[in-house]
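# Coordinates in review
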Amino acid sequence: MTKVSQFYTNFAKKDLQSQKARNKKNMMNKKERKLTNEEMLKIVDVIAPIYKEGQRHIVAMYLTGWLYKAHVSYESAKELIELICNKFNDEECDDRLYTLDRTYGLKGNQPPEYRLKTKSGIFELLTHWLNKEEAIKRVKMLEEIFGTASPKGIQRSLAPSKG
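Residues numbered from 1 in each chain as written. Predicted model: local features only at pLDDT ≥ 70, side-chain atom pairs only at ≥ 80, totals over all residues. Heavy atoms only, no water.

## Considering helix α4 (residues 74-87)
In plain terms, the rule: Numbering of helices and strands starts at the N terminus; helices are DSSP runs of H or I of at least 4 residues and strands are runs of E of at least 2. Expected helix span is taken as 1.5 Å per residue step, with the number of steps being one fewer than the number of residues. Only protein chains enter the accessibility calculation, which uses a 1.4 Å probe; a residue whose area is less than 20% of its type maximum is buried, one above 50% is exposed, and one in between is partly exposed.
Over its 14 residues, α4 extends 20 Å from the first C-alpha to the last, a length consistent with the 20 Å expected when each residue adds 1.5 Å. When α4 is considered as a whole, its buried residues turn out to be Tyr 74, Ser 76, Ala 77, Leu 80, Ile 81, Ile 84 and Cys 85. In the stretch just after α4, Asn 89 is the one whose phi turns positive, near 50°.

## Re the packing of aromatic side chains
Convention followed: Two aromatic rings, drawn from Phe, Tyr or Trp (for Trp, its six-membered ring), form a pair once their centres lie within 6.5 Å of each other, and the interplanar angle then sorts them: stacked below 30 degrees, edge-to-face above 60, tilted otherwise. Ring-over charges, as used throughout, are those where CZ of Arg or NZ of Lys falls within 6 Å of the ring centre and within 35 degrees of the ring normal.
Applying the stated criterion across every chain yields a total of 4 aromatic pairs. For the pair Tyr 51 and Phe 88, a centre-to-centre distance of 5.2 Å together with 40° between the ring planes defines the contact as tilted. Linking Tyr 51 in the loop between α2 (37-47) and α3 (56-69) with Phe 88 in the loop between α4 and α5 (93-103), this pair joins segments that are 37 residues apart in sequence. For the pair Tyr 74 and Tyr 104, a centre-to-centre distance of 5.7 Å together with 70° between the ring planes defines the contact as edge-to-face. Here Tyr 74 is found in helix α4, whereas its partner Tyr 104 is found in the loop between α5 and α6 (119-129), with 30 residues between them in sequence. Under the relative-accessibility criterion, Tyr 74 is labelled buried at 14%. Following the ring pairs from residue to residue traces out a cluster consisting of Tyr 68, Tyr 74 and Tyr 104. Lying over the aromatic face of Trp 129, Lys 52 brings its terminal NZ or CZ to 4.7 Å of the ring centre.

## Comments concerning the layout of surface pockets
Sizing a probe to match a water molecule and rolling it over the atoms shows the empty space that remains. So the rule is basically this: Points on a 1 Å grid, built from protein atoms alone, make a cavity when a 1.4 Å probe fits but cannot get out and make a pocket when they are open with protein on both sides within 12 Å along at least 5 of 7 lines; residues with an atom within 4 Å of a point are the lining residues. Grid points are joined across faces, edges and corners, and a volume is the space filled by probe spheres set on the points. Gly counts as polar in this scheme, as do all residues outside two lists: the nonpolar Ala, Val, Leu, Ile, Met, Phe, Trp, Tyr, Cys and Pro, and the charged Asp, Glu, Lys and Arg.
There is about 280 Å³ of room inside the largest pocket. Looking at the largest pocket, it is lined by 14 residues, and the ones nearest its centre are Met 61, Arg 102, Pro 111, Arg 115 and Leu 116. Elements with a contribution of two residues or more to the lining of the largest pocket: α3 and α5. Tallied by class, the residues present in the lining of the largest pocket amount to 6 nonpolar, 5 polar and 3 charged.

## Structural notes on the packing of α6 against helix α7 (residues 132-146)
As a reminder of what qualifies: Here an axis means a line fitted to C-alpha atoms, over the contact stretch when the element is a helix, while the angle between two N-to-C directions is reported on a 0 to 180 degree scale. Small angles under 35 degrees read as roughly parallel and large ones over 145 as roughly antiparallel, with 65 to 115 read as roughly perpendicular and the rest as oblique. For any helix crossing, the convention is left-handed if the near helix is rotated counterclockwise from the far helix by under a right angle, and right-handed if that rotation is clockwise. Contact criterion: two residues are considered in contact whenever any of their non-hydrogen atoms come within 4.5 Å of each other.
With their axes 9 Å apart at the nearest point, α6 and α7 run at an angle of 150° to one another. Taken as axis vectors, α6 and α7 run roughly antiparallel relative to one another. Pair α6 / α7 crosses with right-handed handedness. For the pair α6 and α7, contact is made by Lys 119, Ile 122, Phe 123, Leu 126 and Thr 127 and by Lys 132, Ala 135, Ile 136, Arg 138, Val 139, Leu 142 and Glu 143, respectively. Tallied by class, residues from the contact of α6 with α7 come to 7 nonpolar, 1 polar and 4 charged.

## Points about the pattern of salt bridges
This is how the line gets drawn: Salt bridge, as used here, is a side-chain nitrogen of Lys or Arg placed within 4 Å of a carboxyl oxygen of Asp or Glu.
Evaluation of the coordinates by the stated rule reveals 9 salt bridges. Notably, a salt bridge pairs Arg 96 with Glu 92, separated by 3.6 Å at the nearest N-O pair. Take Arg 96: its relative accessible area is 3%, and that puts it in the buried class. Of the charged contacts in the structure, one is a salt bridge between Arg 96 and Asp 95, with a shortest N-O distance of 2.8 Å.

## Focus: the nonpolar core
In globular proteins that are soluble, nonpolar side chains generally tend to be buried together. For clarity, the cut-off: By nonpolar core we mean a set of buried residues, namely Ala, Val, Leu, Ile, Met, Phe, Trp, Tyr and Cys, connected to one another through side-chain atoms within 4.5 Å.
Counting 38 residues, the largest nonpolar core has Leu 35, Leu 63, Leu 67, Leu 80, Ile 84, Ile 122 and Phe 146 as its most contacted members. Only α2, α3, α4, α5, α6 and α7 provide two or more residues apiece to this core. Residues in contact with Ile 122, not counting those within four places in the same chain, are Ile 50, Val 59, Tyr 62, Leu 63, Trp 66 and Leu 142.

## Remarks on the packing of α2 against α7
If you want to describe how two helices pack, look at the angle between their axes and the distance between the axes. Interhelical geometry of α2 versus α7 gives an angle of 160° and a closest axis separation of 10 Å. Viewed along their axes, α2 and α7 adopt a mutual orientation that is roughly antiparallel. Between α2 and α7 lies a crossing of left-handed hand. Within the contact between the two elements, α2 uses Glu 39, Lys 42, Ile 43, Asp 45 and Val 46 and α7 uses Arg 138, Met 141, Leu 142, Glu 144, Ile 145 and Phe 146. When grouped by side-chain class, the residues that make up the contact of α2 with α7 number 6 nonpolar, no polar and 5 charged.

Rendered as structure tokens:
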């Protein structure tokens, strides 16, 4: 490796390390909340219809993004992901935990917050497997747990139709 390429490699490593340190500091500065056991069990029930083989990774991406944006502590989020993996016998739990770590900025490159699809993604998956009313009901249950407002698409779908 040339001196120039070594310099850039070391520079990139230091930048990644400092980014991870900033992420940890930012997480500590945010007011985080812990999920209760009851809330975790309710979340597992809500996502049960969509946590299917072949789309578990995408559910984990959307859910961990929502947890992150809702300022749920990393420890609670990790406990929830492990509970989900155990409940559904998910053999790729390490991948789900890596997704969580990446979303929380602890491994890999943390996606920018604006790129996290979160609840709108969960809503799309729910409407694929359930009727719209049931999907809305389940998203509202998650909103209550996370203390967040409805996605714009869901708000529009609840508005009375003109006609």
